[in-house]
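Next come the chains, spelled out residue by residue.
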Amino acid sequence: MTQTEASYHRVPDEVPPPPSGCPVTGFTPFAPDYLADPYAVLDGLRDTPVFYSSELGYLVVTRMEDVSEIFLDPVTFGSQNVQDPVFPLSDAAHAVLAAPDFNPVAVMSNRQPPDHGRIRNHTKQGFSNRRMRMLAPYIRRRSHALADALLAAGSPADFVPLFAHPLPGETIFRFIGFPESDDEKLKEWCSDRLAFSWGKPTEAEQAEIARKMLAYWRYCRSVVAAKVDDPGDDFASELLAVHEADPDELTYREVESIVYGLSFAGHEIVSHFLSNSLICLLSRRDQWDQLCADPSLVPAALEEVLRFESPQTSWRRVANVDTEVAGVHVPAGTNIFMSLAAANHQPDCFDDPGDFDIHRPNARNHISFGKGIHFCLGARLARLEATVALEVLTERIPSLRLVEGQSLERFANITFRGPRELLVAWDA
């Protein structure tokens, strides 16, 4: 992997020292107690809203006001580190990604202004009202088909591979313009991507993920190339049309890289969103029953899921210049871990934040999609998918319930939260 300032993935350099005068702790999102219940761990740290994690090499920021300030100041706090591996890569992974044709460039979440605004302006047009109207029937049709598959599997069944994983993967593939015939290999290539940038994979796992990333990048390039001569009514073709109209406004490599990055962002994270929704609702039977009786409550319920048990519990920034956060001097180059989980459970922002309530009046004030110029581009699509999925599940399987006694194992990483499997049952 040839590394430049514009590289999509950059290998971390040496870790800067802790900011002087800042509390230093052994906090790590990989700890078993954090993986089991990050909110309890973060509540215990609430009296120290800014501290340095010696395990991560990151400054940790937990208060809503400080996290919001960082999001809203992209000049001081850059996003160029958000796709980078947290820990150094193995030699084997380096060797795989050293392929001369593995050269995606930063385009959205990790691109700095002013280029970020230029690229986002064209990318966000792909999430138009027209495109959402086109996707909605597909999402509903696939949700019904996956509900059929779940029922056919028999009670109990694992919700993750039968519903939560395929629905968002297939949706984002249709959005981009990938053919349905490639779905299975695409889901395989994308399945462990979160571990690469946000996890702590073994050397062997790193190498395997790197091989999938390389195969997937080559696939994305081949699809984009094919659409140059045979465009369709899809997102990739729309981007190519912008490029063809003005190659300097959106470069060909940027088109390839947007396609490469978007399919990851729109897949595993939304899978976790669907699974977390069932965990929250099925463990509170009265609230699930309310949705079954009144599907109009689904959008509000999903906002409370995003606040209470978000699929994204943190995000990253890096200080571009010497600055200050909550009274702590932060030298340029300091990596910052923003705890969205702590902010979404902040008592002076949300009454009784440890209670899950689909009628919470200010649930939408959560910060799970970020703020400012990098506000999640796919938030609208994620909400649409989850809304349709819950409408279908409450209609088709109102007796759905969690299998009692199961131990939920979450994927170990610093940012995304969701179960590896989720056993559900229902009445015949």
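Since the model is a prediction, treat every value here as computed from it, not as a measurement. Within each chain, residues carry numbers counting from 1 in the order of the written sequence. Reporting of local features is limited, given that this is a predicted model, to residues whose pLDDT is at least 70; pairs of side-chain atoms are given and counted only at 80 or more, and all residues count toward the totals for whole chains, interfaces and linings. The side-chain quantities take in all heavy atoms of the structure and omit both hydrogens and water.

J.: Please give an account of empty space enclosed by the protein that cites residues and values.
T.: A pocket, in this scheme, is an open set of points on a 1 Å grid over the protein atoms alone with protein on both sides within 12 Å along at least 5 of 7 lines, while a cavity is a set where a 1.4 Å probe fits but cannot get out; residues line either one if an atom lies within 4 Å of a point. Grid points are joined across faces, edges and corners, and a volume is the space filled by probe spheres set on the points. Enumeration according to the criterion identifies three cavities of 30 Å³ or more in this entry. Approximately 790 Å³ is the volume attributed to the largest cavity. Ala265, Ile269, Cys376, Leu377 and Gly378 are, among the 42 residues lining the largest cavity, the residues nearest its centre. Elements that contribute at least two residues to the lining of the largest cavity include exactly α5 (115-123), α10 (193-198), α13 (252-265), α14 (268-282) and α18 (379-396). With six residues, α13 is the single largest residue contributor to the lining of the largest cavity. Within the lining of the largest cavity, the residues separate by chemical class into 26 nonpolar, 13 polar and three charged. In this model, the second largest cavity occupies a volume close to 70 Å³. Under the scheme applied here, ten amino acids are nonpolar (Ala, Val, Leu, Ile, Met, Phe, Trp, Tyr, Cys and Pro), four are charged (Asp, Glu, Lys and Arg), and all others, including Gly, are polar. Split by residue class, the lining of the second largest cavity holds seven nonpolar, three polar and two charged. The helix count covers DSSP runs of H or I at least four residues long, the strand count covers runs of E at least two residues long, and both are numbered beginning at the N terminus.

J.: Kindly report on the environment of Ala207, identifying the contributing residues and their values.
T.: Secondary-structure assignment places Ala207 in helix α11 (residues 203-229). C-alpha separation for the pair Ala207 and His345, spaced 138 residues apart in sequence, amounts to 37 Å. For Ala207, the contacting residues outside a window of four places in its chain are Ala92, Ala93 and Val96. In this description, contact between two residues means that some pair of their heavy atoms is separated by no more than 4.5 Å.

J.: With reference to specific residues and values, describe helix α9 (residues 183-190).
T.: Relative accessibility decides the category of a residue: with a 1.4 Å probe and only protein chains considered, values under 20% of the type maximum give buried, values over 50% give exposed, and everything between is partly exposed. Listed as buried for α9 are Asp183, Leu186, Lys187 and Cys190. Seen from one end, α9 has its buried residues packed into an arc of 100°, which puts them on one side. Among the structural elements, α8 (166-176), α10, α11, α13 and α14 are those in contact with the buried residues of α9. Taking the helix axis as origin, the arc is that swept by the directions to the C-beta atoms.

J.: So, the sheet that holds strand β10 (residues 401-402): which residues are in play, and what are the values?
T.: Pairing is antiparallel across the open sheet formed by three strands, whose spatial order is β5-β11-β10. Every other strand in the sheet has two partners, leaving β5 (157-158) and β10 as the edge strands with one partner each. A pair of strands is considered paired only if DSSP assigns at least 2 bridges between the two. Bridge analysis of β5 against strand β11 (residues 423-425) gives two bridges, and the strand direction is antiparallel. Bridge pairing in β11 places Ala157 opposite Val424.

J.: Outline the packing of helix α16 (residues 298-308) against α18, supporting the account with residue identities and numerical values.
T.: Angular values range over 0 to 180 degrees, each being the angle between N-to-C directions of two axes fitted as lines to C-alpha atoms, with helices fitted over their stretch in contact. Relative to each other, α16 and α18 sit at 120°, their axes nearing to 10 Å. As judged from the angle between their axes, α16 and α18 are oblique. Pair α16 / α18 crosses with right-handed handedness. Residues Val298, Pro299, Leu302, Glu303 and Leu306 of α16 form the contact with α18, whose participating residues are Arg383, Ala386, Thr387, Leu390 and Glu391. In these notes the angle categories are as follows: under 35 degrees is roughly parallel, over 145 is roughly antiparallel, 65 to 115 is roughly perpendicular, and the rest is oblique. By the definition used in this description, the sense in which the near helix is turned from the far one sets the handedness, with an anticlockwise turn below a right angle giving left-handed and a clockwise turn giving right-handed.

J.: Break down the packing of helix α12 (residues 235-245) against α13 for me, with residues and values.
T.: If you want to describe how two helices pack, look at the angle between their axes and the distance between the axes. Relative to each other, α12 and α13 sit at 160°, their axes nearing to 9 Å. With respect to α13, the axis of α12 lies roughly antiparallel. Handedness of the α12/α13 crossing: right-handed. Across from Phe235, Ala236, Leu239, Leu240 and His243 in α12, the residues of α13 making contact are Tyr252, Val255, Ile258, Val259 and Leu262. Residues that form the contact of α12 with α13 fall into these classes: nine nonpolar, one polar and no charged.

J.: Before we move on, can you summarise the pairing of strand β6 (residues 314-319) with the specific residues and values?
T.: Buried residues dominate β6, accounting for six of its six residues. Of the two faces of β6, the one holding Ser314, Arg316 and Val318 and the one holding Trp315, Arg317 and Ala319 are both buried throughout. As paired strands, strand β4 (residues 77-78) and β6 are joined by two bridges and run antiparallel to one another. The residue bridging Gly78 from the neighbouring strand is Val318, located in β6. With five bridges joining them, β6 and strand β9 (residues 335-339) adopt antiparallel strand pairing. Bridging across to β9, Ser314 finds its partner in Ser339.

J.: Explain the layout of surface pockets to me, and be specific about the residues and the numbers.
T.: Approximately 340 Å³ is the volume attributed to the second largest pocket. Around the second largest pocket, the lining comprises 16 residues; the ones closest to its centre are Asp192, Ala195, Glu205, Phe411 and Arg420. Put simply, the parts of the chain that give the lining of the second largest pocket at least two residues each are α10, α11 and α14. Element by element, the count of residues in the lining of the second largest pocket is highest for α11, at four residues. Residues belonging to the lining of the second largest pocket are distributed by class as follows: seven nonpolar, three polar and six charged.

J.: Just give me the short version of the sheet that holds strand β1 (residues 24-25), but keep the residues and values in it.
T.: Spatial ordering of the open sheet is given by β1-β2-β3-β9-β6-β4, a layout of six strands whose pairing is mixed. The sheet terminates laterally at β1 and β4, the two strands that pair on one side only. Where strand β3 (residues 58-61) and β9 come together, three bridges link them in parallel fashion. Looking at the pairing, Val60 lines up with Phe337 of β9.

J.: Report on unusual backbone geometry, specifying residues and quantitative values.
T.: Here the amide bond leading from Pro113 into Pro114 is cis, since omega sits at 5°, within 30 degrees of zero. Its location among the elements puts Pro114 in the loop between α4 (91-97) and α5. Here the amide bond leading from Ser155 into Pro156 is cis, since omega sits at 0°, within 30 degrees of zero. Positionally, Pro156 belongs in the loop between α6 (129-153) and β5. Phi is positive for Ala326, close to 50°, though the residue is something other than glycine. Take Ala326: it is sitting in the loop between β7 (323-325) and β8 (328-330). One non-glycine residue, Asp352, lies in the positive phi region at around 45°. Structurally, the position occupied by Asp352 is in the loop between α17 (340-344) and α18. Residue classification places Asp352 among the exposed positions, given a relative accessible area of 55%.

Geometric values such as these leave the question of function open.
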